[in-house]
Amino acid sequence: MKKKVLSVMLSVAMVASLLAGCGNGASGEAATSETTTEAASNEDAAAETAEGGTFKIGGIGPLTGGAAVYGIAEKNGIQIAVDEINANGGINGMQVELNFQDDELDAEKSVNAYNSLKDWGMQVLAGCVTSACSIAVSDKTAADNMFQITPSGSAVDCVATDNAFRICFSDPNQGIASAQYIGENGLASKVAVIYDSSDVYSSGIYEKFATEAANQPFEIVAAEAFTADNKTDFSVQIQKAQDAGADLVFLPIYYTEASLILTQAKSMGFETKFFGCDGLDGILDVENFDTAVAEGVMLLTPFAADAEDEMTKKFVETYKEKFGETPNQFAADGYDTVYTIKAAAEKAGVTADMSVSDICEAIKGVMTEISVDGLTGEGITWTADGEPSKAPKAVVIKDGAYAAM
Amino acid sequence: MKKLRKETKNNLITYGIVILTYIIVQILVATGNMSSLMQGLLVPFCTYVIVAISLNLTVGVLGELSLGHAGFMCVGAFSSALFSLAVKDSFTVAPLRFLCAILIGALSAALIGFLVGIPVLRLRGDYLAIVTLAFGEIIKNIINAIYLGIDGNGIHISLKDAMSLGLSEDGRMLIKGAQGITGTPHDSNFTIGVVLVLVTLFIVLNFMDSRSGRAVMSIRDNRIAAESVGIDVTRYKLIAFTISAALAGVAGVLYAHNLSTLNAQPKNFGYNMSILILVFVVLGGIGSMRGSMIAAVLLTLLPEVLRFMADYRMLIYAIVLIVMMLFNWSPDAINMRKRLMAKIFPKKSQKEEA
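All residue numbers here refer to positions counted from 1 along the written sequence of the relevant chain. Chains carry letters and ligands carry numbers; both start at the beginning, A for chains and 1 for ligands, and go up in the order they are written. Where local features are concerned, this predicted model is filtered to residues with pLDDT of at least 70; where side-chain atom pairs are given and counted, the filter is 80 or more; whole-chain, interface and lining totals use all residues. Only heavy atoms go into the side-chain values, all of them from the structure, while hydrogens and water stay out.

**Q** Tell me about unusual backbone geometry, and name the residues and values.
**A** Residue and element names in this part refer to chain A. For the bond running from glycine 127 to cysteine 128, omega is 0 degrees, close enough to zero to count as cis. The helix count covers DSSP runs of H or I at least four residues long, the strand count covers runs of E at least two residues long, and both are numbered beginning at the N terminus. Within the secondary structure layout, cysteine 128 lies in the loop between strand S3 (124-127) and helix H5 (131-144). Phi angles above zero are rare outside glycine, and glutamate 104 is one such case at about 55 degrees. Even without being a glycine, leucine 105 presents a positive backbone phi close to 65 degrees.

Here you go:
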């Protein structure tokens, strides 16, 4: 009997120390991440830190797993913007600190990441990268009244709460804009769609595209779906599109699958036009992909790494120098997010000692008044429901590079 | 004082641990000593504890390997979230609505578990593991393909896309295929979670101690002997498997009502999750409910407290998992622990030996 009592006491002590340890662990952890981010940001900036205090921006996205490409690109884009801002004197004299946490593309982990950022002292959230995570987290930010701006959460519900805004186009917007663009420019009369039915982004665009197509002078002759489990062989879908006599194939998908579709269509002798959304951005950088196949592909994207304007050139150069890759639109979205926060915070006169809720109220109030010239659009403005307003740019691939249409 | 049976005493200790943990956590929260991360993790802890106990019923008591438990969790999550979303505006008493959601989640998971169990429990060992793995994937893929909406004319369902539902203007989408369910009311909280953990423990521990439970364990230990004394093998296996599925469904309900968005991805309801649940059970000790609980909490907590390691997080997690397994289950480590215990408490071990 005594042994039992002892074992109970021991296990209770264990659990208690475990839980208490976690409380301490979290604060210790916050301290470590602070020092690492500070070390990562510009050294010359560190000297000025004392002046206006620090402004803590958190980010959440997949840094491991299948979607890591998007999370890492966005993190890098945000990092570049933060470094630039710090080198130029910060926001209202405040130095910016960044802490970007991994969510493994899992809504539950995303909420955990949010809570751990809250312990770190985050004041504004630049996240999440993906739609489902963004929706789950916006539920929590609304409860805490923390300002959230998602760079690339494109599902409608991402900005359902009034503290949430976004940088990218929403899925329906892309679908509608694509259908209108094809219709208004008379690109085709018979359109086939190949989309990923297991992907939120792809099926979201397709739905609105199909709805809007009814009002446009073309008809959808084939709508072929594939899923994440079988995305290497597209001959069936391409064959159906060909048999239906489509003179344009709409691809609301990501570039990896699109590059396969283009290659396979070519080898099957299916000569047609291809039209895509921002997911196709990056197709020219796919390894072992013959860019000649992509000749003439049109895409509606807010960002093209080959654009000639000064800002894009500078960003692409810095990105290549730092991370050794060409940035994609996710990186650009991340970059614009930080500058949007900066513009809004400066307009609202946010200071480092304001509470999270006060910052949110202040920034929310001015979001509809600011206009940001970013990589993904000039003069971007926001409506109170969180949607950005910017003109979609259509580009066409010509001689292995993106050219404006 | 009447002397308690060994099992009863053991069970009381298990309940005691849960209740004590609950009290300690409440004190820590009330005094503001708990980080937001920990507070956010409390409900997931309960979710994974319940699902670990439920799988332990299949693996430890029934002695069969199931690799599809995330599938049952998925059924519970989706059916209950669907119910809560559909009645969110008309049924505003949150605790009562959540109770209904729990019952719906448990019953639908039990139904699927029963249907899956009929063909599956005719197999043994590895074959059962593979078939349950397949069932888990089927459930996830079906849910990813369902589009369900509601309008004035009733419920519309399609496996193709949202347009083919033909919803009228006032209609609303409930399940949007791969986009899943969005806008589930946030009904889960730690108190309900702990109550559910206690109910789960009560069901499983009493089942193990019941006539049916002993029949199930006799099948596990020696199927031929059990059959020879007239135990209906299929019936008892089905009972245990269905209860296990229902409890996994309850965990799914808790999961779904903790997040405002729910979609069936490989990450949360795929075989990765099923295997993670199995890891909880194996690490905590097959057949030991208390062990599963502790393992589930530890392994849910670990990746989160390792966040400061940034890129090395998952690597360290894997290494720690290996070390924990070795420490817990390697024969050398067990001997070493025994020797250590003997040194610290010389009297007790002597008494035990004698």
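Read on, since the account is not over.
**Q** Explain the interface of chain A and chain B residue by residue, including any values.
**A** The interface is formed by 50 residues belonging to chain A together with 49 residues belonging to chain B. The quantity reported as buried area is the accessible area (1.4 Å probe) lost by two parts once they are put together, taken as the sum for both. Roughly 4,400 Å² is buried in total at the junction of chain A and chain B, and carbon and sulfur atoms are behind 61% of that figure. We note a salt bridge from A:Glu104 to B:Lys267, for which the minimum N-O separation is 2.9 Å. Here a polar contact is recorded for every N or O atom pair within 3.5 Å, except that within protein the pair must consist of a potential hydrogen donor and a potential acceptor, and residues adjacent in sequence are included only if both atoms are side-chain atoms. Across the contact surface, chain A and chain B share 12 residue pairs in polar contact (both at pLDDT 80 or more). Looking at the side of chain A that touches chain B, the elements that each hand over two or more residues are helix H1 (2-40), strand S2 (95-102), helix H4 (107-120), H5 and helix H7 (200-213) of chain A. What makes two residues a contact is simply this: any of their non-hydrogen atoms within 4.5 Å. Salt-bridge detection follows one rule: a side-chain nitrogen of Lys or Arg within 4 Å of a carboxyl oxygen of Asp or Glu.

**Q** So what's going on with the confidence of the model for chain A? Which residues, and what values?
**A** The quantity known as pLDDT measures the predictor's confidence residue by residue, on a range of 0 to 100. Taken over all residues, the pLDDT of chain A has a mean of 82, while the share at 70 or more is 87%. Between residues 15-50 of chain A, whose pLDDT stays under 50, and residues either more than four places distant or in other chains, the model counts 41 contacts.

**Q** Which residues make up the sheet that holds S3(A), and what values go with them?
**A** All names here are of chain A. DSSP calls a pair of strands paired once it identifies at least 2 bridges connecting them. Judged by pairing direction, the sheet is parallel, and its 5 strands sit side by side in the order S2-S1-S3-S4-S5 without closing on themselves. Single-partner strands in this sheet number two, and they are S2 and strand S5 (164-166). Pairs of neighbouring strands in the sheet enclose a mean axial angle of 25 degrees, with direction left out of account. Where strand S4 (residues 147-150) and S5 come together, 3 bridges link them in parallel fashion. In the strand pairing of S5, isoleucine 149 is matched with phenylalanine 165. For helices, the axis comes from a line fit to the C-alpha atoms of the stretch in contact; other axes are also lines fit to C-alpha atoms, and the angle between any two N-to-C directions lies between 0 and 180 degrees. Relative to S4, helix H12 (residues 356-367) is tilted by about 50 degrees, and along the sheet it contacts strand S1 (54-61), S3, S4 and S5.

**Q** Any details on the sheet that holds strand S14 (residues 393-398) of chain A? Residues and values, ideally.
**A** All names here are of chain A. Strand order in the open sheet formed by 7 strands is S7-S6-S8-S9-S10-S14-S15, with mixed pairing between adjacent strands. Two strands bound the open sheet, and with one partner strand each, they are strand S7 (219-226) and strand S15 (401-404). Taking each pair of neighbouring strands and ignoring which way they run, the sheet shows an average axis angle of 25 degrees. Of the pairings in the sheet, the one linking strand S10 (residues 298-301) to S14 comprises 4 bridges and is antiparallel in character. Residue pairing in the sheet places leucine 300 in a bridge with alanine 394 of S14. The sheet strands contacting helix H6 (residues 171-184) are strand S8 (248-251), strand S9 (273-276), S10 and S14, and the helix crosses S10 at an angle near 140 degrees.

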